[in-house]
Amino acid sequence: MRSRMVGDLDREDVGRQETLAGWVHRRRDLGGLLFVDLRDRSGLVQVSVGPDWTEAASLELAHRLGAEDVVRVTGEVCLRPEDARNPDLPTGEVEFRVRELELLNGAVTPVIPVYRGPEDELPAEELRLRHRNLDLRRFELQENLALRHSLILTTRNYFDRLGFLEVETPILTKPTPEGARDYLVPSRVHSGEFYALPQSPQIYKQILMASGFDRYMQIARCFRDEDLRADRQPEFTQIDLEAAFVSAEDILEWIEGLMAALAPVAGIEATPPFMRMSWTEAMDRFGSDRPDLRWELEVEDWTEVLGSADSNILKGAVAKGGRIRGFRIPDGASLSRREIEEIEGSARAAGAPGLLWAKRTDDGGSGPLSRWLEEGHWDALDAREGDLLLAAAGPDRVTSPALSATRSAVIGAMELARVRDHAWLWVLDFPLFEEEDGKVWANHHPFVLPHPEDVHRLGEDPLSVRGIAYDLVYNGSELGSGSLRIHDPALQRRVLGILGLDDQEIDRKFGFLLEALASGAPPHGGIALGMDRMVKDFLGVPSLRDVIAFPKTTAARALFEGAPAPVDSEDLRELRLRIEPRSSGTDRGDDG
RNA sequence: GGGGCUGUAGCUCAGUUGGUUAGAGUGCCGGUCUGUCACACCGGAGGUCGCGGGUUCGAGUCCCGUCAGCCCCGCCA
């Protein structure tokens, strides 16, 4: 139907007879002469239509073409007149002189334009999602999805060479009691019972390990029924892997190798080995378990210096076992009071009651913190004239998130220079559990192998137990998370018990996993990388919606096809389901 | 579940203190035009001011509710 794509036509092709096909991107009708920018997936070429080289019927048809009409043209690649070349277009030295034009399919006037002028804004995102067929024709989205394809292909080849097998795991699975809300699918055959869509293939891949597939990988679709964000979609794709007879070191090296293989595809840099720090160190130095190491700014511990200052806030925080931590910002005194208040606002939004700040000036200091500072304090904190101190006092669980938010805000406000453009980091040894409302939760998931040095504390002090777990962080974004897993059924039962499950529940909910572990499961571990987020971060685009062909809105709707949608009562009857009206008030709180 | 921003022509936006017939650019339709590439020029059509209610002599503008999109908090093992 066509002899080649348009995007790489250049002076080498001059004189060639070709047949091209694509969309009418834009039309410039000069009356006697007419130019059409013809678009296919590879790019644009100018097609020229004129009485000297175009057949009469085609000439007449060309004047009636509209945007997004689908056409096929036959003719010759010609060098453009010297004063009519377009250096901004890759194919701008040549044009395609049409002998014959054929309309393959007409297009109604597009609701949102595919063509975009140099100063045109993108249409509203709602319209772009509602008319995704048109939006996807834009070069940006075509390129994003092409990169995504290349990354997936490279990933599969990489793991294939390492002897990994891609194994598909079920989409209709068993509801899991912990973690995110499941998407549920009613069973017709077994009315009243439900499948769940997988939040991840976690348990299946562990069972594959017990089944002897000692190197598994999958480009796996996962589903979580939770509220959305710019970097969270209800269905998403993971590069999921698991291997038996491995140490954490093996997995880290594999993933570093994968990133080194993907980086040139994405046009970024990844040079193993990556930096590493423990979770404790990351929280201590940056207040975050996924610090963005493109900037050097670090949290300092001022408890010793400022703990004795005559301030109830500072003294009180230390007396309750908290710390005074903060940032010393060289030349930060140049920030206005208003800018500092905005930084403080970020800290408040992250849950801190506020920030204490002080500028060191030529006549002493200014700011709320400075009244507590004596002459020696400045020097002890290494603060010079023109510096700004920002401090938070209290327990780490409150100050760490606040300081992390402060750090980002300061980097923005001071326009601090990056020390590197691509910051790769492993964060290691996450705590196995966290406490919330007096209840113990699995920090990651309940299958993480406790650190052998800590396992004896499972009984008396579970919160202090580290897991053999690792997160991959790129430019402050968590790309992936993994761990060695528990392969001893007794230990697995014990950990589930710490999470508050009794033996009966454990058997009912995780019996099939325990059975697999008891059948001779090898030591194993793995990791899962967020594919969508990886593409987004590699491209530096602001939203996951720019790297997913058919994304959902923040209300989890698909605007193009209109999902979710009501179903016929006939379908519901077959499932023996009934919809309760919204206004019935039975949703919650009936009995108190 | 909560907070914030946005919603005016197909699209991108302007619209003053509540006051005559709601505007611009682009797209669309018709016309002129043989070297344009945001073609140029002439003419024209095009509006449920998201939706519902209220205040007012009078509402795009003020108030209440609601819907949708986006951002954030909660949530996301």
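Owing to the predicted nature of the structure, the values given are computational and were not obtained by experimental measurement. (Residues numbered from 1 in each chain as written. Chains lettered and ligands numbered in written order. Predicted model: local features only at pLDDT ≥ 70, side-chain atom pairs only at ≥ 80, totals over all residues. Heavy atoms only, no water.)

J.: I'd love a proper account of the overall build of chain A, names of residues and values included.
T.: When you go through chain A residue by residue, the secondary structure sums to 16 helices and 22 strands. Expressed along its principal axes, the backbone C-alpha trace of chain A runs to roughly 90 × 75 × 55 Å. With 592 residues in all, chain A has 47% of them scored as buried. Within chain A, counting contacts between residues at least 6 apart in sequence, those at least 24 apart form 67% of the total. Taking the 71 positively charged and 103 negatively charged side chains of chain A as two groups, their mean positions are separated by 3 Å. (Helix = DSSP H or I, 4+ residues; strand = E, 2+ residues; numbered from the N terminus. Buried < 20%, exposed > 50% of the residue type's maximum accessible area, 1.4 Å probe, protein only. Contact = heavy atoms within 4.5 Å. Lys, Arg positive; Asp, Glu negative; His and termini not counted. Charge placed at Lys NZ, Arg CZ, Asp CG, Glu CD.)

J.: Go over the packing of aromatic side chains, please, and point to the residues and values.
T.: By the definition in use, this model includes 9 aromatic pairs. With a centroid separation of 5.1 Å and 85° between ring planes, the pair formed by tyrosine 158 and phenylalanine 159 is classed as edge-to-face. Using a relative accessible area of 0% as the deciding quantity, one classes phenylalanine 159 as buried. Residues phenylalanine 164 and tryptophan 254 carry aromatic rings whose centres are separated by 5.1 Å and whose planes lie at 80° to one another, so their mutual orientation is edge-to-face. Of this pair, phenylalanine 164 sits in the loop between α4 (139-161) and β6 (165-166) while tryptophan 254 sits in helix α6 (residues 248-266), placing them 90 residues apart in sequence. For phenylalanine 164, a relative accessible area of 4% puts it in the buried group. By way of ring pairs, the aromatic residues Tyr158, Phe159, Phe164 and Trp254 are connected into one cluster. Above the face of the tryptophan 441 ring, lysine 439 is positioned so that its terminal group lies 4.4 Å from the ring centre. (Phe/Tyr/Trp six-rings, centres within 6.5 Å; stacked < 30°, edge-to-face > 60°. Lys NZ or Arg CZ within 6 Å of the ring centre and 35° of its normal.)

J.: An account of the sheet that holds strand β14 (residues 356-361) is requested, with residue identities and associated values reported.
T.: Across the sheet, which stays open at both edges, the 5 strands sit in the order β12-β13-β16-β14-β15 with antiparallel pairing between neighbours. Of all the strands in the sheet, the pair left with one neighbour each is β12 (300-301) and β15 (364-366). Bridge analysis of β14 against β15 gives 3 bridges, and the strand direction is antiparallel. Paired with lysine 359 across the bridge in β15 is serine 366. Here helix α9 (residues 312-319) sits on the sheet and contacts β13 (323-329), β14 and β16 (388-394); the angle it forms with β16, its principal contact strand, is near 45°. (Pairing = 2+ DSSP bridges. Axes fitted to C-alpha atoms, helices over the stretch in contact; angles between N-to-C directions.)

J.: So what's going on with the pairing of strand β10 (residues 235-244)? Which residues, and what values?
T.: Counted residue by residue, β10 has 9 buried out of 10 residues, so it is predominantly covered. Of the pairings in the sheet, the one linking β10 to strand β22 (residues 524-530) comprises 7 bridges and is antiparallel in character. The residue of β22 that forms the bridge with alanine 244 is histidine 524.

J.: Residues and numbers for the nonpolar core, please.
T.: Among the nonpolar cores identified, the biggest contains 78 residues, and Ile255, Met259, Trp424 and Phe538 are the most heavily contacted of them. Residue contributions to this core peak at 10 residues, all from α6. Those residues in contact with methionine 259, other than ones at most four positions away along the chain, are Ala270, Phe274, Trp424, Leu472, Leu529, Met534 and Phe538. Val47, Leu59, Val71 and Leu101 belong to the second largest nonpolar core, which has 21 residues in total. (Core = buried A, V, L, I, M, F, W, Y, C linked by side-chain atoms within 4.5 Å.)

J.: Before we move on, could you go through the confidence of the model for chain A and cite the residues and values that matter?
T.: Keep in mind that low pLDDT regions are not for reading the predicted coordinates in detail. Of all residues in chain A, 98% have pLDDT values of 70 or greater, and the mean over the chain is 93. Across residues 584-592 the pLDDT falls below 50, and counting only partners more than four positions away or on other chains, this stretch makes 2 contacts in the model. We note a pTM of 0.93 for the whole complex and an ipTM of 0.94 for its interfaces. (pLDDT = per-residue confidence, 0-100.)

J.: Mind laying out the pattern of salt bridges, listing which residues take part and the relevant values?
T.: Evaluation of the coordinates by the stated rule reveals 54 salt bridges. Aspartate 396 serves as the salt-bridge partner of arginine 325, at 3.7 Å between the closest nitrogen and oxygen. Taken together, the positions of arginine 325 in strand β13 and aspartate 396 in helix α12 (residues 396-414) put the pair 71 residues apart, joining distant regions of the chain. A network of salt bridges, in which partner residues are shared, links Arg116, Arg128, Arg132, Asp135, Arg138, Glu140 and Asp546. (Salt bridge = Lys/Arg side-chain N within 4 Å of Asp/Glu carboxyl O.)

J.: So what about the protein's contact with RNA strand B? Which residues, and what values?
T.: The full set close to RNA strand B counts 51 residues, and Asp29, Glu95, Ala124, His444 and Thr554 are the nearest of them. Of all RNA strand B atoms lying within 4 Å of any protein atom, the proportion belonging to sugar or phosphate reaches 51%. Leucine 30 has a polar backbone atom sitting 3.2 Å from a base oxygen of RNA strand B. One nitrogen or oxygen atom from the side chain of aspartate 227 is found 2.7 Å from a base nitrogen belonging to RNA strand B. (Near = heavy atom within 4 Å. Polar contact = N/O pair within 3.5 Å; in protein donor to acceptor, adjacent residues only side chain to side chain.)

J.: Residue-level account of helix α15 (residues 531-539), with values.
T.: Counting buried residues along α15, 7 of its 9 residues qualify, which places the element largely inside the surrounding structure. Three or more residues of α15 are buried, namely Met531, Asp532, Met534, Val535, Lys536, Asp537 and Phe538. Directly beyond the C-terminal end of α15, a positive phi value near 70° is found at glycine 540.

J.: If you had to explain the layout of surface pockets to someone new, which residues and values would you point to?
T.: Looking at the second largest pocket, its volume works out to about 580 Å³. Taken together, 26 residues form the lining of the second largest pocket, with His25, Leu44, Leu89, Tyr115 and Phe139 sitting closest to its centre. Residue assignment for the lining of the second largest pocket shows that the elements contributing at least two residues are β1 (17-29), β2 (34-40), β3 (43-49) and α4. (1 Å grid on protein atoms, 1.4 Å probe; cavity = no way out; pocket = protein on both sides within 12 Å on 5 of 7 lines; lining within 4 Å. Points joined across faces, edges and corners; volume = space filled by probe spheres on them.)

J.: An account of the side chain of aspartate 387 is requested, with residue identities and associated values reported.
T.: Here aspartate 387 is to be found in the loop between α11 (375-380) and β16. Looking at aspartate 387, its side chain comes within polar contact range of the side chain of arginine 328, at 3.2 Å. In this structure the side chain of aspartate 387 is engaged in a polar contact, spanning 2.8 Å, whose partner is the backbone nitrogen of arginine 384. When sequence neighbours within four positions are dropped, the list of residues in contact with aspartate 387 reads Arg328, Ile329, Pro330, Asp331, Gly332, Ala333, Ala358, Lys359, Arg360 and Asp382.

J.: Before we move on, can you summarise the sheet that holds strand β5 (residues 94-105) with the specific residues and values?
T.: Taken together, 5 strands build a closed barrel; the order of strands is β1-β2-β3-β5-β4 and the barrel is mixed. Taken over all neighbouring pairs, the strand axes of this sheet differ in orientation by 55° on average, direction set aside.

J.: Any chance you could break down the pairing of β2 for me, citing the residues and the numbers?
T.: Where burial is concerned, most of β2 is hidden: 7 out of the 7 residues are buried. Taking every second residue as pointing to the same face, both faces of β2 are buried, with Leu34, Val36, Leu38 and Asp40 on one and Phe35, Asp37 and Arg39 on the other. As judged from the 6 bridges shared by β1 and β2, these two strands associate in the antiparallel manner. Paired with tryptophan 23 across the bridge in β2 is arginine 39.

J.: Which residues make up the side chain of arginine 4, and what are the values?
T.: With respect to the helices, strands and loops of the structure, arginine 4 is situated in the segment before β1. The exposure class assigned to arginine 4 is buried, which follows from its relative accessible area of 19%. Of note is the side chain of arginine 4, whose polar atom sits 2.8 Å from the side chain of aspartate 13. Setting aside residues up to four positions removed in sequence, arginine 4 forms contacts with Leu9, Asp13, Arg16, Glu18, Thr19 and Leu20.

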